[in-house]
Amino acid sequence: MNNEFFEALGMLEKERGISEAYLVEKIKAAIVIAVKKGYDVEDNVEVVIEPTTGKFNVAIVKMIVDEVTDPRTEITLTEAQNIKARARVGTQLEIPLKTKEFGRIAAQTAKHVIRQALREAERNQMYAEMQSKSHEIVSAVVNKVDPVKGIVVLELDKGEAILPKNEQVPGEVLREGERIKVYVVDVAVTEKGPKTMISRTHPGLVKRMFEMEVPEIFDGTVEIKAISREAGMRTKMAVYSKDENVDPVGACIGARGARVAGIVEELNGEKIDIVRYSDDPVEFISAALSPASVVKVELLPGEIKSCRVTVPDNQLSLAIGNKGQNARLTARLTGYNIDIRPESGYYGEEPEEKPAETEAEN
């Protein structure tokens, strides 16, 4: 019987990837619980399970005494000598139990706890596997689309995950059986097992795509400093390189735009602005407002980081963008509140005073 037990442990390890040592500890704990319940004893249960030697012993340990005050932990010398002839008062006696002697309730308890242990092990294994993919891109298959709630059920390598409506790209139509890429935002532990939170709108999705597509980012030559995104519409990404011989923007765009084009295609035509990062906020903000050109940037005093940006009159709508999108993404990218103004000033404003002419100029 012991051989069959240990063979079953080995099969579980191979089939489910659950370590034999983990199972042994959980089964030992389950047997202790079963014996306590079935034999009305305390913590005086000893379980030995050794897969290497095939040893499987269960015993109740009691102290040999002249007069029993607690039958759960004590035994008389006469009773003890019936089990072990050389038993002596003041020593402990191991009373071996055979598995078949476990009561029905004890056996059911053991089976229940063992099943729980297996489920827990599988959940922990799945959690560890998914946790290793946190902040990464994974491939998933669309299992079900709920047209009423708008949620999409995806099949991952192990288990399923829900793609909520607010994590889907606006206007994107997902169909059952379709394979898509999603970004793993986080993995949480719940009573029902690990819950994988995924997204198609998270800026991390674009960031990871560039890390996979651009070798210079992967090896650290080029660094993504900041990224802001309005999924399905536009992404702005600031890149930087310590190597003066490397153009970080050019590296991300690729020869004839090949690198960025592949990512744009994967994102169904989402526009991507790649700008050069600078520690100088004036330079950074000027670059971030691309494709609009900038006349000047004035950093405003105060605890909140704010600035006033002046652009040519004919660039105002381009700088602000459709429904304010370009300005909004630039603000998120740089961390500055941005007030964009035309070079000639707004209608009704007092024009800036020009410096007085000097006598030499007269």
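Details of the structure are given in the entry above.
Residues numbered from 1 in each chain as written. Predicted model: local features only at pLDDT ≥ 70, side-chain atom pairs only at ≥ 80, totals over all residues. Heavy atoms only, no water.

**Quick word on the overall build of the chain**
Item 1. Helix and strand counts for the chain come out as eleven helices and 15 strands.
Item 2. Considering only residue pairs separated by 6 or more positions, the chain has 55% of its internal contacts joining residues 24 or more positions apart.
Item 3. If you sum the accessible surface of the chain, you get close to 22000 Å²; carbon and sulfur atoms cover 49% of it. (Helix = DSSP H or I, 4+ residues; strand = E, 2+ residues; numbered from the N terminus. Contact = heavy atoms within 4.5 Å. Areas by Shrake-Rupley, 256 points an atom, 1.4 Å probe, with all protein chains shown as cover.)

**Points about the pattern of salt bridges**
Item 1. Using the criterion set out here, one finds 17 salt bridges in the structure.
Item 2. Notably, a salt bridge pairs Glu42 with Arg72, separated by 2.7 Å at the nearest N-O pair. Placement of Glu42 in the loop between α2 (20-39) and β1 (45-50) and of Arg72 in the loop between β2 (55-65) and β3 (74-76) is noted, with a sequence separation of 30 residues between them.
Item 3. In this structure Glu42 comes out as partly exposed when scored by relative accessible area, which is 34%.
Item 4. Here Lys236 ties to Asp273 by a salt bridge, and the two come within 3.1 Å at their closest N and O atoms. With Lys236 in strand β11 (residues 234-240) and Asp273 in strand β12 (residues 271-276), the pair connects residues that are 37 residues apart, well separated along the chain.
Item 5. Look at Lys236 and you get buried, because its relative accessible area is 0%.
Item 6. Because the salt bridges share partners, they merge into one network encompassing Glu42, Asp70 and Arg72. (Salt bridge = Lys/Arg side-chain N within 4 Å of Asp/Glu carboxyl O. Buried < 20%, exposed > 50% of the residue type's maximum accessible area, 1.4 Å probe, protein only.)

**A look at the sheet that holds strand β13 (residues 296-300)**
Item 1. Pairing within the open sheet is mixed, and its three strands lie in the order β13-β14-β15. Looking at the sheet topology across the chains shown, the edges are occupied by β13 and β15 (337-342). When strand polarity is set aside, the average angle formed by the axes of neighbouring strands in this sheet is 20°.
Item 2. In this structure, β13 lies alongside strand β14 (residues 306-311), joined through five bridges in antiparallel fashion. (Pairing = 2+ DSSP bridges. Axes fitted to C-alpha atoms, helices over the stretch in contact; angles between N-to-C directions.)

**As for the packing of helix α5 (residues 203-213) against helix α8 (residues 258-266)**
Item 1. Relative orientation of the contacting elements α5 and α8 amounts to 140°, with a least axis distance of 10 Å. Viewed along their axes, α5 and α8 adopt a mutual orientation that is oblique. Of the two possible hands of crossing, α5 and α8 adopt the one that is right-handed. Residues Met209, Phe210 and Glu213 of α5 form the contact with α8, whose participating residues are Arg259, Val260, Ile263 and Glu266.
Item 2. Class assignment for the residues of the contact of α5 with α8 results in four nonpolar, no polar and three charged. (Parallel < 35°, antiparallel > 145°, perpendicular 65-115°, else oblique. Left-handed = near helix turned anticlockwise from the far one by under 90°. Nonpolar A, V, L, I, M, F, W, Y, C, P; charged D, E, K, R; others polar.)

**Some points on helix α11 (residues 325-334)**
Item 1. Of all ten residues that make up α11, seven are buried, and the element is covered over most of its length.
Item 2. Among all positions of α11, only Gln325, Asn326, Ala327, Leu329, Thr330, Leu333 and Thr334 are buried.
Item 3. Tucked inside the fold, the buried residues of α11 contact β10 (223-230), β11, β12, α9 (281-288), α10 (316-320) and β15.
Item 4. Looking at the residues trailing α11, positive phi occurs at Gly335, about 85°.

**Some thoughts on the packing of aromatic side chains**
Item 1. Summed over the entire model, instances satisfying the criterion amount to two aromatic pairs.
Item 2. Ring centres of Tyr277 and Phe284 lie 4.9 Å apart, and the angle between their planes is 65°; this geometry places the pair in the edge-to-face category. As far as burial versus exposure is concerned, Tyr277 and Phe284 are alike and both buried.
Item 3. Each residue in the set Tyr240, Tyr277 and Phe284 is aromatic and connected to the rest through ring pairs, giving one cluster. (Phe/Tyr/Trp six-rings, centres within 6.5 Å; stacked < 30°, edge-to-face > 60°.)

**Quick look at the packing of α9 against α11**
Item 1. For the pair α9 and α11, the least separation of the axes is 9 Å and the interaxial angle reads 145°. The handedness of the crossing between α9 and α11 is right-handed. Counted together, Phe284, Ile285 and Ala288 of α9 and Thr330, Leu333 and Thr334 of α11 form the full contact between these two elements.
Item 2. Residue composition of the contact of α9 with α11, by class: four nonpolar, two polar and no charged.

**Digging into the sheet that holds β10**
Neighbouring strands of a sheet are bound in pairs by backbone hydrogen bonds; such pairs are parallel or else antiparallel.
Item 1. Here we have three strands laid out as an open sheet, ordered β10-β11-β12, and mixed in their pairing. Of all the strands in the sheet, the pair left with one neighbour each is β10 and β12. Each neighbouring strand pair of the sheet contributes to a mean axis angle of 15°, computed without reference to strand direction.
Item 2. As defined by bridge partners, β11 adjoins β12 across six bridges and the pair is classed as parallel. Residue pairing for β12: Ala238 is matched across the bridge by Val275.
Item 3. Strands in contact with α5 are β10, β11 and β12; relative to β10, the strand with the most contacts, it is inclined by about 140°.

**Considerations on the environment of Ala59**
Item 1. Mapped onto the secondary structure, Ala59 falls in strand β2.
Item 2. By relative accessible area, which is 6% here, Ala59 ends up buried.
Item 3. Considered as a pair, Ala59 and Glu46 are 13 residues apart in the sequence and their alpha carbons are 5.2 Å apart.

**Focus on the side chain of Glu172**
Item 1. Along the chain, the position of Glu172 falls in the loop between β7 (160-163) and β8 (179-190).
Item 2. Its relative accessible area of 17% is what places Glu172 among the buried residues.
Item 3. A distance of 2.4 Å separates polar atoms of two side chains, one belonging to Glu172 and the other to Arg200.
Item 4. Polar side-chain contacts of Glu172 include one of 2.8 Å to the side chain of Asn268.
Item 5. If we skip the residues at most four places from it in the chain, Glu172 touches Arg200 and Asn268. (Polar contact = N/O pair within 3.5 Å; in protein donor to acceptor, adjacent residues only side chain to side chain.)

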